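# Observations on the model geometry
Each chain is listed here by its residues.
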Amino acid sequence: MSENLTIQTERVDDVPLLLAQIERMGVPSLLDSHFPVHGNRQGLSLGWVSTIWLAHILSRADHRLNQVRPWAETLHETLHASVPAPLRPTDLTDDRLADVLRALSDDTHWAAFEGALNAHTLRVYDLRASTVRVDSTTASGYWSVTDEGLFQFGHSKDHRPDLPQVKVMLATLDPLGMPLAVDVVAGQSADDPLYLPVIARVRASLGQTGLLYVGDCKLAALLTRAQVQAGGDYYLCPLPSSQVAADWLAPWLEQGLADPATLTAVMRSGPDGQPTKLAEGCEQAVTLTTLVDGQAVTWTERRMLVRSLAQAHAQQTALQQRVQHALASLADLTIRRRGKARLPDLAALEQAAAAVLARYQVADLIAVTCTSRPRERTVRGYRGQGARLVVEQDLRLSAVADEQAIAAASARLGWRVYVTNQGAEQLSLAQAVLAYRDEYLVERSLGRLKGQPLSLSPFYLTRDDHATGLIRLLTIGVRVLTLVEFVVRRRLEQNGTAVAGLYVGNPTRTTTRPTAERLLEAFGNLTLTIVQLPGQLIRHLTPLSALQQQLLALLDLDEDVYSRLGTHSAQPP
């Protein structure tokens, strides 16, 4: 009897959930609709190959092509029950996965798929598009650089300027951080010209204008702002210092400092639920005119002078530290010690003092007086020579901090100019400041793209089309994570409830804002056991815990996603 007994186990974990979520988003069907394949292709469709690959990436945090087929072989029964067609041994080979990447690298087909996926997602999840955030990142690797290739040396956001890189421009929907459009460009590309193409793609895919695009100071190029205005949309971004004229800013700043009552307070609820003042500012309107495609575009721009209290405090602390370090360094110039070179004359002392003031950027905040006078000094005899009298310069330095100048400089710290073309009725000064402070939403999506579980870095592919296709595939993975997180958080808010059991070591801790990573981790202990007896096949799945059942309900997924794996069969397969 024991000779005819076969036991097989599979670590199911979060794979059925991920496959069900990706299918609900319409990814496999939309991929099959927008990416044509060779007529002689057999086996699992491109859409479902991509879906299984995405589930592997999200579950195992590994996008390497050669890891998918071995993983799938350990989940044969799970995948067989979760996908619509039988899985063949050749469906997940490196060549088939490379076919997926080459298909996704096609710009025309990808744009059509991206638009269809956006429309489907907004409809299914009842999302409203009003604010879009745009930002870029880089991914470095040990690649060969070619003249026209994707991998180039450039300004590295990974702090690895010694490595070639590829640049990714991402537009995400607020407040989810869900990608709407992605551009993959050469690593040496400047950010400024990348905003308009990705904005145009968002417009085309969503089929609407009147959106607010939020970005950093590289969005503030005058032509970019003019084209956003001409396209019927709005922008919000800080002005770089190169576009803030001192003769224009100084009177405005002086007016705000002279009459603080004219400043509008920006408040936000703190951890204790009490309102906390974050910033203060004022605004003025200016009229701008520039040419867009040979046509003059004229619009009214609101310019908001805003002081961040936290940033001002940090800069004031840094200023005080610079002053103290400068005073200490100035005092040390005239102190003698063994091994320290002496300054020969007054000119050398003045030059050294000026260098200290420049190094700490406090030339206008510290008054330095250098003096010199003759001084006689007796030098003792040595090797039979008698003592002698020498005359040398006695160098003195006096350094005094100008407290009035320091106070005036401190009052000017923490200020920044933000610009928008949206009216105050739709976007008040306080709302604009808070909207820009939520820029972390797009940075979080970029962080997910580069870190676990998507793990864009390190990057192992060397072909340009493969790299482009993989980055686009990983942005679909970012969509999966953001939607899982959004759906659960929205349902918890609607129900006025919280979820407990997501934190290891503290099972009673509750949260109303769980992350997608923690939600998926909660399914990390499920095993499918298959026992084959003569004439009988028994499947047993680890029973779902109360927490797992709750999470499936919050995600609007039926427990059949898992329970169908454990169905009992009276006959062998």
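Structure shown above.
Being a predicted model, the structure only gives us computed values, none of them experimental.

### Details of empty space enclosed by the protein
Per the stated rule, a full pass over the model turns up one cavity of 30 Å³ or more. Of the pockets and cavities examined, the largest cavity occupies roughly 40 Å³. Every residue along the wall of the largest cavity is listed here: Leu176, Gly177, Leu441, Arg444, Ser445, Arg448 and Thr482. With four residues, helix 15 (residues 440-450) is the largest single contributor of residues to the lining of the largest cavity.

### Looking at the pattern of salt bridges
Evaluation of the coordinates by the stated rule reveals 37 salt bridges. Between Arg69 and Glu73 there is a salt bridge, with the nearest N and O atoms lying 3.7 Å from each other. Of this pair, Arg69 and Glu73 both sit in helix 4 (residues 68-73), four residues apart, which is roughly one turn of the helix. Notably, a salt bridge pairs Glu77 with Arg539, separated by 3.3 Å at the nearest N-O pair. Linking Glu77 in helix 5 (residues 76-82) with Arg539 in strand 16 (residues 536-541), this pair joins segments that are 462 residues apart in sequence. With relative accessibility at 18%, the residue Glu77 sits in the buried group. Among the charged side chains, a salt-bridge network with shared partners connects Lys157, Lys167, Asp191, Asp216 and Lys218.

### Some thoughts on the pairing of strand 15 (residues 527-533)
Relative to strand 15, strand 1 (residues 6-11) runs antiparallel, the two being bridged by six bridges. Following the sheet pairing, Thr6 is matched in strand 15 by Gln532. Pairing of strand 15 with strand 16 involves six bridges; the strand directions are antiparallel. Counted as the bridge partner of Leu528 is Leu541 from strand 16.

### Here's the deal with the packing of helix 11 (residues 309-332) against helix 13 (residues 403-411)
Where helix 11 contacts helix 13, the two axes come as close as 10 Å, and the packing angle between them is 150 degrees. Judged on the interaxial angle alone, helix 13 and helix 11 are roughly antiparallel. Handedness of the crossing formed by helix 11 with helix 13: right-handed. Every residue of helix 13 that contacts helix 11 at Gln316, Leu319, Gln320 and Val323 is listed here: Ile406, Ala409 and Ser410. Class assignment of the residues belonging to the contact of helix 11 with helix 13 gives a composition of four nonpolar, three polar and no charged.

### Things to note about the environment of Ser372
Mapped onto the fold, Ser372 is located in strand 10 (residues 366-379). A relative accessible area of 28% places Ser372 in the partly exposed class. As a C-alpha pair, Ser372 and Gln393 span 21 residues in sequence and 6.1 Å in three-dimensional space. In this structure, Ser372 is in contact with Leu346, Gln393, Asp394 and Leu395, ignoring residues within four places of it in sequence.

### Let's talk about the sheet that holds strand 15
Spatial strand order, 1-15-16: three strands in an open sheet with antiparallel pairing. Of all strands in the sheet, those bounded by a partner on one side alone are strand 1 and strand 16. The average undirected angle you get between the axes of adjacent strands in this sheet is 15 degrees.

Scoring rules and cut-offs
- Residues numbered from 1 in each chain as written.
- Predicted model: local features only at pLDDT ≥ 70, side-chain atom pairs only at ≥ 80, totals over all residues.
- Heavy atoms only, no water.
- 1 Å grid on protein atoms, 1.4 Å probe; cavity = no way out; pocket = protein on both sides within 12 Å on 5 of 7 lines; lining within 4 Å.
- Points joined across faces, edges and corners; volume = space filled by probe spheres on them.
- Helix = DSSP H or I, 4+ residues; strand = E, 2+ residues; numbered from the N terminus.
- Salt bridge = Lys/Arg side-chain N within 4 Å of Asp/Glu carboxyl O.
- Buried < 20%, exposed > 50% of the residue type's maximum accessible area, 1.4 Å probe, protein only.
- Pairing = 2+ DSSP bridges.
- Axes fitted to C-alpha atoms, helices over the stretch in contact; angles between N-to-C directions.
- Parallel < 35°, antiparallel > 145°, perpendicular 65-115°, else oblique.
- Left-handed = near helix turned anticlockwise from the far one by under 90°.
- Contact = heavy atoms within 4.5 Å.
- Nonpolar A, V, L, I, M, F, W, Y, C, P; charged D, E, K, R; others polar.

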